[in-house]
Amino acid sequence: MNQRDDSSARPLLLSCTIAIAITGSAMTAPTQKSPDVRLDDPTSLGASNAVQIAASGSSVYAIWSDGRNDFFDVADIYFSRSTDRGATWSPDVRLDRDLPGAAESRQPQVAVAGSAVYVVWADSRNGANDIYFNRSLDGGVTWLAADVRLDTDAAGASLSTTPQIAARGSDVYVVWTDARSSYGEIRFNRSVNQGGAWLSNDVQLDRGTVLATRPQIAAFSSAVYVTWEDARNGFDDIYFNRSLDNGATWLAFDVRLNTNTAGAAFSLAPQIASDGGSVFVTWQDARAGGLLTGDIYFNRSLDNGTTWLAADVRLNTDLAGTAPSLSPQIAAAGSSVYVTWRDARAAQADIYFNRSLDAGAAWLAADVRIDTDPGPGASLSPQIAASGSSVFVAWEDNRSGSPRLSDIYYSRSQDSGASWLTTDRRLNTGTPPNVVRALGPQIAFADDTAYVVWHDDRNGNEDAFFNIPFGMQNYGAGAAGSGGFTPTLRGSGQATIGQSINLDVADGLGGTSFTMLVGTQDVPGTPFQGGTLLVVPVLAVPFAMGGATGVAGDGALNIPLAIPNTPSSIGGALFFQAVLVDPGASQGISMSPGLGLWIG
């Protein structure tokens, strides 16, 4: 498509104009896109939980455990996908291939590489748990008719649990905890052809002879990195192994990452991230206190896991060992490393954060509290994602004070964690606050958009839900013009305050004039000049389409849009639709679909 570079491609709205439009929407509640979206079958009465998410481009993929097929909620693994940034979702499909509801299928995990989607889970169909796998190579449209067992001892002979998965290109890597030798081992299998074939013998990665559990995995290029907690020395330590040849060979001796005395205190819940040859690991550590306290520690390697810091680093900056700092999560983007955790230094649990901009060499002197809950409730189970200087954290929050009620909240930083939203935002917007139990948030980031899933009991049972903290989604249908072309309207960039994004109109009649309708409300569809009006317009801005004049489908124009850097804009929504003058249309007008924009 051609794009015309002239004065007609001026900024669509100045900051003041957007502010006026948002003010007119009568925003009052600090919420994001509303309503949120239920992912599991609305007729299902089974419990849907353990929701996981992955994203690539404008496609979003969700999986979960679902008890719809058994009276006692024996779970199967279900999947749904969106190809339009979460605006619409496919009917859910079952991925485990034994009889529905016949055995427990739990602990699902998902990874995506391009249009390939890979899913693993723990499955009891053979007796004790085995690790099973299914995959789609067409973005979740079709799946293997027979799922694949990845643990290679006798089926059902031992308990295999806590699978984790990573994918790069055509390579797929899976690790899990395995009890085949009567104690926990860390086992690994891999495929180098998109899950078509796997190792005939899985590989043990830990080199101890006592309980090793809860592995985590990361991959970059041909390197695979695995960390876990390991009790070979007494209390648990954090260990690591790596392969530099797609999982073919591994270190003969695994590496202990906590640098206090081996086995002296519980080091638990490791998390791992990598970028290039850099590997970053964080965990909770009780070396400075008893079982009810903990601190957040970190170690890193800049050479693919060959060498590590001689002294690990404590990331929570309150007095060591005085309060529980637990459940760390980590993300990396280039040389920036971001860590979040739950922290009870103020008696209630809050969400804290620290960051390094030099690959883990230096950290903030004072960690940062992210949740803005005044109390008395607890903020728990943080999750984190990052892209460049943008960082996103979601968590469950029972700020009502009731342990049986919780909502899903999020905050974000656009400056590598230096500043955060002054007021955090609630994502389960389909209900009032403090009336449901919403748990288990998971977060992904792709195509300039953050996506969050969770489960909650608003319908009397657990269901899977989805929302976007901010972003853009198409909706509705346009009206075709000359040559049968229907104009498109798409957005790109991060829809957060202080940012510039782009609206791209394409596939229209070249050189024609058009009007961009802008509103603060969408409409389900009002007939208009042979098409459907999808916006309640408060502004109508004229433009001239680029491209060769009179050529059907050649028209295109990029329109920059500035979002004001004002906190009052957060949670606001704008809706757009392009209406083109087109003699080839049935009534002289062609129209794009609508585009919704939610500001974060």
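Residues numbered from 1 in each chain as written. Predicted model: local features only at pLDDT ≥ 70, side-chain atom pairs only at ≥ 80, totals over all residues. Heavy atoms only, no water.

A closer look at the overall build of the chain
Now for step 1: A count of helices and strands for the chain gives one helix and 40 strands.
Now for step 2: Taking 2.2 N^0.38 as the reference for a compact globule, 600 residues should give roughly 25 Å; the C-alpha atoms of the chain span a radius of gyration of 25 Å, in line with that estimate.
Now for step 3: Each of the 600 residues in the chain was classed as buried or not, and the buried ones make up 58%.
Now for step 4: Taking all contacts inside the chain whose residues are at least 6 apart in sequence as the whole, residues at least 24 apart take part in 58%.
Now for step 5: Counting only carbon and sulfur atoms, one obtains 53% of the accessible surface of the chain, whose full area is about 21,200 Å².
Now for step 6: On the chain, the mean spot of the 37 positive side-chain charges and the mean spot of the 59 negative ones are 2 Å from each other. (Helix = DSSP H or I, 4+ residues; strand = E, 2+ residues; numbered from the N terminus. Rg over C-alpha atoms; globule rule 2.2 N^0.38 Å. Buried < 20%, exposed > 50% of the residue type's maximum accessible area, 1.4 Å probe, protein only. Contact = heavy atoms within 4.5 Å. Areas by Shrake-Rupley, 256 points an atom, 1.4 Å probe, with all protein chains shown as cover. Lys, Arg positive; Asp, Glu negative; His and termini not counted. Charge placed at Lys NZ, Arg CZ, Asp CG, Glu CD.)

A closer look at the side chain of D153
Now for step 1: Here D153 shows up in the loop between β9 (148-149) and β10 (160-168).
Now for step 2: Within the local environment of D153, its side chain forms a polar contact with the side chain of S158, the two groups lying 2.8 Å apart.
Now for step 3: Beyond its immediate stretch of four places on either side in the chain, D153 contacts S158 and R180. (Polar contact = N/O pair within 3.5 Å; in protein donor to acceptor, adjacent residues only side chain to side chain.)

Quick word on the sheet that holds strand β2 (residues 48-56)
Hydrogen bonds along the backbone pair up the strands of a sheet, which may run parallel or antiparallel.
Now for step 1: The sheet built from four strands is open, its strands ordered β2-β3-β4-β5 with antiparallel pairing. Edge positions in the sheet fall to β2 and β5 (93-94), since each of these pairs with one other strand and no more.
Now for step 2: Both strand β4 (residues 76-82) and β5 contribute to a ladder of two bridges, which runs antiparallel. When the bridges of β5 are listed, F79 appears paired with V93. (Pairing = 2+ DSSP bridges.)

Considering the sheet that holds strand β21 (residues 313-314)
Now for step 1: Overall, antiparallel pairing links the four strands, which are arranged β18-β19-β20-β21 in an open sheet. One side of each edge strand has no neighbouring strand; the edge strands of this open sheet are β18 (267-275) and β21.
Now for step 2: Both β18 and strand β19 (residues 278-285) contribute to a ladder of seven bridges, which runs antiparallel. Bridged to A273 within β19 is F280.

Points about the nonpolar core
Now for step 1: In this structure, V505, F514, M516, I559, F576 and L597 are the most contacted members of the largest nonpolar core, which totals 41 residues.
Now for step 2: Among the elements that line this core, the one with the most residues is strand β38 (residues 573-581), at four residues.
Now for step 3: Counting 23 residues, the second-largest nonpolar core is a separate cluster that includes Y78, A444, A464 and L534. (Core = buried A, V, L, I, M, F, W, Y, C linked by side-chain atoms within 4.5 Å.)

Focus: the pattern of salt bridges
Now for step 1: Summed over the entire model, instances satisfying the criterion amount to 35 salt bridges.
Now for step 2: Residue D92 is joined to R68 by a salt bridge in which the shortest nitrogen-to-oxygen separation is 2.6 Å. Placement of D92 in the loop between β4 and β5 and of R68 in the loop between β3 (59-66) and β4 is noted, with a sequence separation of 24 residues between them.
Now for step 3: Salt bridges sharing common partners tie together D130, R149, D151, D153, D178, R180, E185, R187 and D202. (Salt bridge = Lys/Arg side-chain N within 4 Å of Asp/Glu carboxyl O.)

Description of the confidence of the model for the chain
Now for step 1: Looking at the chain, the pLDDT average stands at 93 and 94% of residues meet or exceed 70.
Now for step 2: In the model, residues 1-8 has pLDDT below 50 throughout and makes 20 contacts with residues more than four positions away in sequence or in other chains. (pLDDT = per-residue confidence, 0-100.)

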